[in-house]
Amino acid sequence: MLLYVNGCFREGSRTERLASMWLERRAYEGETCRVMLSELDVCPLDALGPHALAEYSRAVKQGDYTHPMFTLAKQFAQADEILVAAPFWNYGIPAKLHAYLELVCSQGVTFDVDETGAYVSLVGAKRLTYVTTAGGAKVDALDDHAFGYVHTLAQRFWHIPRIDCVAAWGLDGLGANVDALLQKALEEG
Ligand SMILES: Cc1cc2nc3c(=O)[nH]c(=O)nc-3n(C[C@H](O)[C@H](O)[C@H](O)COP(=O)(O)O)c2cc1C
């Protein structure tokens, strides 16, 4: 199953368009499962309810992941391939995508820690692609808290062997040829 996490929020989103172009080119043969963050009631772990963090700790301690807060993490763990699409916001990712990833990073569901303190992946995906578009020019790796962040999670927690970024920069520049920039990003990615 290819899990498509859609973190695009604007009507006519260019990022969503780029993700659709990528999906078409990818021509994945299995089932594609879409998570539309704009339609999903995700919020930070600490805001899920007064006892959410205590429940999270209890679940991890007892290995009991029946609480609905683990549903998204379970789905993520089962994917064979993952596509995440989100616009570049304030040098990072939209807060809702961050909240989603906070839920997905559930110890005991998508990763664990062994007796030496090393992270063990519980994720089946062999490939993760991050699709994004930005209004301004391409930034240095140090200023990129979007793909950089997702890459860290994918590599350190989930040990996903293939992690790619498809990024179109400069879309809000005066006279920008959006179609050409999206096409270029697709070809370079
Ligand atoms: C809240 C917000 C924050 C943004 N922050 C940045 C930014 O830090 N750097 C940048 O180059 N563009 C920034 N932009 C511009 C978007 O990245 C750009 O318009 C992008 O193509 C939007 O994608 P969409 O068409 O999929 O919504 C921001 C836009 C919004 C709405």
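Just so it is clear, the structure is predicted and the values come from calculations on it, not from any experiment. (Residues numbered from 1 in each chain as written. Predicted model: local features only at pLDDT ≥ 70, side-chain atom pairs only at ≥ 80, totals over all residues. Heavy atoms only, no water.)

Caption draft 1: Region of interest: the site of the ligand. Inspection of the region around the ligand gives 15 residues, with Ser13, Thr15, Thr133, Gly136 and Asp172 positioned closest. Residue glycine 135 places a main-chain N or O atom 3.2 Å away from a nitrogen atom belonging to the ligand. Within the backbone of glycine 136, one N or O atom sits 2.6 Å away from an oxygen atom of the ligand. For the ligand, whose accessible area on its own is 640 Å², the fraction buried by protein is 75%. The class makeup of the residues in the shell around the ligand is six nonpolar, six polar and three charged. (Near = heavy atom within 4 Å. Polar contact = N/O pair within 3.5 Å; in protein donor to acceptor, adjacent residues only side chain to side chain. Areas by Shrake-Rupley, 256 points an atom, 1.4 Å probe, with all protein chains shown as cover. Nonpolar A, V, L, I, M, F, W, Y, C, P; charged D, E, K, R; others polar.)

Caption draft 2: Spotlight on the sheet that holds strand S7 (residues 162-168). If you walk across this open sheet you meet the five strands as S2-S1-S3-S6-S7, and the pairing is parallel. The open sheet has two free edges, formed respectively by strand S2 (32-36) and S7, since each of these has just one partner strand. Pairwise comparison of adjacent strand axes, ignoring direction, gives a mean angle of 15° for this sheet. Across five bridges, strand S1 (residues 2-6) lies against S2 in parallel orientation. Note on S2: the bridge partner recorded for leucine 2 is threonine 32. Across the face of the sheet, helix H1 (residues 14-26) comes into contact with S1, S2, strand S3 (81-85), strand S6 (127-133) and S7 while running at roughly 145° to S6. Docked against the sheet, helix H5 (residues 147-157) engages S6 and S7, running at close to 170° with respect to S7. (Pairing = 2+ DSSP bridges. Helix = DSSP H or I, 4+ residues; strand = E, 2+ residues; numbered from the N terminus. Axes fitted to C-alpha atoms, helices over the stretch in contact; angles between N-to-C directions. Contact = heavy atoms within 4.5 Å.)

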